[in-house]
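# Results of the structural survey
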Amino acid sequence: MEIDTQSCGEAEIIRRQLDAYNARDIKAFMACWAPDAEVYAWPDTLLASGAEAIRTRHVERFKDPDLFAKLISRVGVGGLVIDREVVTRNFPEGRGTLDVIGIYELESNKIKRAWFKQGTPVLTD
């Protein structure tokens, strides 16, 4: 059985990005993104364009003391990595969880584009 080493490398980039997200380490998080990266809400609503906009968006998100994304599954092939996560965070109504699918397109060992499909928040407190 052959192992797709390119997919392994791509999955490693997404692992580092998720680890930095959970550590709220903006420097390590941004090291995974291309300067001209784009972030979308699935399927095509642009949320942030360029590293500075992505950074600004996440600096704010990282202020949440309960923020944590638990990886449920990851698959990668041909420049795409898809994660299923359960994210814990604070919503205006209170603390809760949210199912999230993240689709990451990589180029030159950086995240070039990402799409996120979110489920309905479930309050836990």
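These numbers were taken from a predicted model, which means no experiment stands behind them.

## Focus on the overall build of the chain
- Across its full length, the chain carries three helices and seven strands.
- Reading the helices (α) and strands (β) of the chain from amino to carboxyl end gives α-α-β-β-α-β-β-β-β-β.
- For the chain, the C-alpha atoms occupy an extent of roughly 45 × 35 × 30 Å along the three principal directions.
- Per-residue burial for the chain yields a buried fraction of 37% across its 125 residues.
- Summarising the internal contacts of the chain: among those between residues at least 6 apart in sequence, 45% fall at separations of at least 24.
- For the chain, the accessible area works out to roughly 7,300 Å², and carbon and sulfur atoms hold 54% of it.
- Side chains of the chain carry 17 positive and 20 negative charges; the gap between the two charge centres is 4 Å.

## Things to note about the nonpolar core
- Residues Tyr-21, Phe-29, Trp-33, Ile-54, Tyr-104, Leu-106 and Ile-111 are the most contacted members of the largest nonpolar core, which totals 28 residues.
- Of all the secondary-structure elements, those providing two or more residues to this core are helix H1 (5–23), helix H2 (26–30), strand E1 (33–41), strand E4 (80–91), strand E5 (94–107) and strand E6 (110–118).
- With residues up to four places along the chain from it excluded, the contact list for Ile-111 reads Ile-13, Ile-14, Gln-17, Cys-32, Trp-33, Ala-34, Ala-37, Tyr-104, Glu-105 and Leu-106.

## Re the confidence of the model for the chain
- Overall, the predicted model of the chain reaches an average pLDDT of 93, with 94% of residues at or above 70.
- This stretch, residues 1–6, has a pLDDT under 50; its non-local contacts, to residues over four places away or in other chains, come to one contact.

## Looking at the layout of surface pockets
- Looking at the largest pocket, its volume works out to about 330 Å³.
- Elements with a contribution of two residues or more to the lining of the largest pocket: H1, E1, helix H3 (51–61), E4, E5 and E6.
- When the residues that make up the lining of the largest pocket are grouped by side-chain class, the tally is twelve nonpolar, three polar and four charged.

## Examining unusual backbone geometry
- Here Trp-42 and Pro-43 are connected by a cis peptide whose omega angle stands at 5 degrees.
- Structurally, Pro-43 can be placed in the loop between E1 and strand E2 (45–49).
- Even without a glycine there, the phi angle at Arg-24 is positive, about 55 degrees.
- Residue position: Arg-24 is located in the loop between H1 and H2.
- A positive phi angle, close to 50 degrees, is found at Ser-108, a residue other than glycine.

Rules behind the numbers
Residues numbered from 1 in each chain as written. Predicted model: local features only at pLDDT ≥ 70, side-chain atom pairs only at ≥ 80, totals over all residues. Heavy atoms only, no water. Helix = DSSP H or I, 4+ residues; strand = E, 2+ residues; numbered from the N terminus. Buried < 20%, exposed > 50% of the residue type's maximum accessible area, 1.4 Å probe, protein only. Contact = heavy atoms within 4.5 Å. Areas by Shrake-Rupley, 256 points an atom, 1.4 Å probe, with all protein chains shown as cover. Lys, Arg positive; Asp, Glu negative; His and termini not counted. Charge placed at Lys NZ, Arg CZ, Asp CG, Glu CD. Core = buried A, V, L, I, M, F, W, Y, C linked by side-chain atoms within 4.5 Å. pLDDT = per-residue confidence, 0-100. 1 Å grid on protein atoms, 1.4 Å probe; cavity = no way out; pocket = protein on both sides within 12 Å on 5 of 7 lines; lining within 4 Å. Points joined across faces, edges and corners; volume = space filled by probe spheres on them. Nonpolar A, V, L, I, M, F, W, Y, C, P; charged D, E, K, R; others polar.

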